[in-house]
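Chain and residue survey
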Amino acid sequence: MTHGTRHDTGIRAGTAFAARHDRSPAGVWFAPGRVNLIGEHTDYNDGFVLPFALPQRAVLAAGPAAGRRSTVRSTQEAEPVTFSAATVVPGEVPGWAGYVAGTCWAFREAGYPVPELDLELDSDVPVGAGLSSSAAVESAVGVALAGLAGVEVGPTELARIARRAENEFVGAPTGGMDQMAAMHGRAGRLVFLDTRDDTVELVPFDLPAHDLELLVIDSRAPHAHAGGEYGQRRRDCEEAAAALGVPALRDALLDDVERLADDRVRRRARHVVTENDRVREVVRLLGVGTDPREIGPLLDASHTSMRDDFEITVPHIDVAVEAARAAGAYGARMTGGGFGGCVIALCGARDVAAVTEAVEAAYAGRGWTAPVAFPGTPSAGAARLG
Ligand code: ADP
Ligand code: MG
């Protein structure tokens, strides 16, 4: 099994629309999935993250509705869903179409007009693998709505609209990284995001020039208790910030964190504070043109911190990280919220096959479902396709 990118997704969403409605769509838009290079669980602590947009993307063909209500279809879902884009409010559209209807609602809430639409969605972002297929859908809807309304809405405002759909319509209490990466991504660039004020700096990440590849390995581990654990981590961080008397852990000093009385809360806070430092150090190194191999130890340290202090890794993840390193990766870490999802491994271009095979062998030896590896190539952010 592979997660190969389907470069024909735009064509398929567009032709699917044309075939079904007997007319061309008004336009076709896309938004990518993302992977986070470093900066985990920092985004709800006013901290720093460093994701990039993937070549895998959600593609949306859209046109004015033939009827009085909006209809959305997805290649990945059996049934269409109908709703009123002009009046929909939270609670009215459950399930996958909530990401679409929710973005219509949030776009209206921001003061822009939303007409009734026929929508055709297709995506090659793996769902539920921690690569943010949900933000890809919302962000594709966001750029499409702006294009259809003929209004200029900047990428940061669109990302906030998309995030609002996820938080307040779907009801998933996520931070703002995913939508910002989907909107601001650029080929060959990382998106350095300060989540306190949503400022973005694009950082060069030219792996081919250094004979490197960033391998993304989908562990395909069964997700266990991710939602409840996520909420618990957020509460631990809030408790730590309150005990330290700072607005957010972004403002905490490591020396003060080390004096926290509660062992669990201290370790959670230590992860966040040291992770923020690691993000800034990676940005500094890459910004001055250092060989990207030099960030390997920071990726490794991030993983150790997630495993021992934040306690969000699982055996499938730790095994993949260890196997990748043993097979020659310069650094490897879990990426994403934890309890499953993906690992990234910084590899020499010549070592990619050996690293992939080592992780596959480690999984096979344990009788686990085979992992899926693909190159993480920093790619373009949301835009119109045609
Ligand atoms: P992740 O964002 O990590 O992939 P989430 O649970 O946040 O995982 O979002 C996955 C959900 O997003 C899916 O269960 C589905 O409801 C929705 N979704 C993502 N891609 C599509 C798609 N192509 N068509 C329909 N729904 C989608
Ligand atoms: Mg998601």
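Scroll up to find the structure.
Residues numbered from 1 in each chain as written. Chains lettered and ligands numbered in written order. Predicted model: local features only at pLDDT ≥ 70, side-chain atom pairs only at ≥ 80, totals over all residues. Heavy atoms only, no water.

1. Observations regarding the packing of helix α2 (residues 98-109) against helix α4 (residues 155-170)
Put simply, the test is: Lines fitted to the C-alpha atoms define the axes, with helices restricted to the stretch that makes contact. Angles between their N-to-C directions range from 0 to 180 degrees. In this description a helix means any DSSP run of H or I spanning at least four residues, a strand means any run of E spanning at least two, and both kinds are numbered starting from the N terminus. Working rule for angles: under 35 degrees goes down as roughly parallel, over 145 as roughly antiparallel, 65 to 115 as roughly perpendicular, anything else as oblique. It is the rotation of the near helix from the far one that decides the hand of a crossing: anticlockwise by less than a right angle makes it left-handed, clockwise makes it right-handed. The criterion used for residue contact is that any of the two residues' heavy atoms lie within 4.5 Å. Gly is placed with the polar residues, together with every amino acid not listed as nonpolar (Ala, Val, Leu, Ile, Met, Phe, Trp, Tyr, Cys and Pro) or charged (Asp, Glu, Lys and Arg).
Where α2 contacts α4, the axes come no closer than 8 Å and their chain directions differ by 120 degrees. When the axis of α2 is compared with that of α4, the two are oblique. Crossing handedness for the pair α2 and α4: right-handed. Mapping the contact onto sequence places G98, Y99, A101, G102, T103, W105, A106, F107 and E109 in α2 and L158, I161, R164, A165, E166, E168, F169 and V170 in α4. The residue inventory of the contact of α2 with α4, partitioned by class, reads ten nonpolar, three polar and four charged.

2. Here we look at helix α3 (residues 133-149)
Spelled out, the test is: For a helix, the expected span equals 1.5 Å multiplied by the residue count minus one. With a 1.4 Å probe rolled over the protein chains alone, any residue whose accessible area is under 20% of its type maximum counts as buried; one over 50% counts as exposed, and the rest are partly exposed.
Taking 1.5 Å per residue as the helical rise, α3 with its 17 residues ought to reach 24 Å, and the 24 Å between its terminal C-alpha atoms agrees with that figure. Within α3, 14 of the 17 residues are buried, which leaves the element mostly enclosed by the surrounding structure. Two residues or fewer after α3 comes G150, characterised by a positive phi angle close to 70 degrees.

3. Considering the environment of L117
Structurally, L117 is set in strand β6 (residues 117-123). Along the primary structure L117 and A86 are separated by 31 residues, whereas in three dimensions their C-alpha atoms are 9.5 Å apart. Sequence-distant contacts of L117, defined by excluding residues within four places in its chain, comprise G63, P64, A65, R69, S70, T71, L145 and L148.

4. Quick word on the sheet that holds strand β8 (residues 199-204)
Put simply, the test is: A pair of strands is labelled paired if DSSP reports no fewer than 2 bridges between them.
Strand order in the open sheet formed by three strands is β2-β7-β8, and the pairing between neighbours is antiparallel. Among the strands making up the open sheet, the edge pair consists of β2 (48-49) and β8. Sheet analysis places strand β7 (residues 189-194) next to β8, joined by six bridges and oriented antiparallel. When the sheet's bridge partners are listed, L193 is paired in β8 with V200. The sheet strands contacting helix α5 (residues 177-184) are β2, β7 and β8, and the helix crosses β7 at an angle near 140 degrees.

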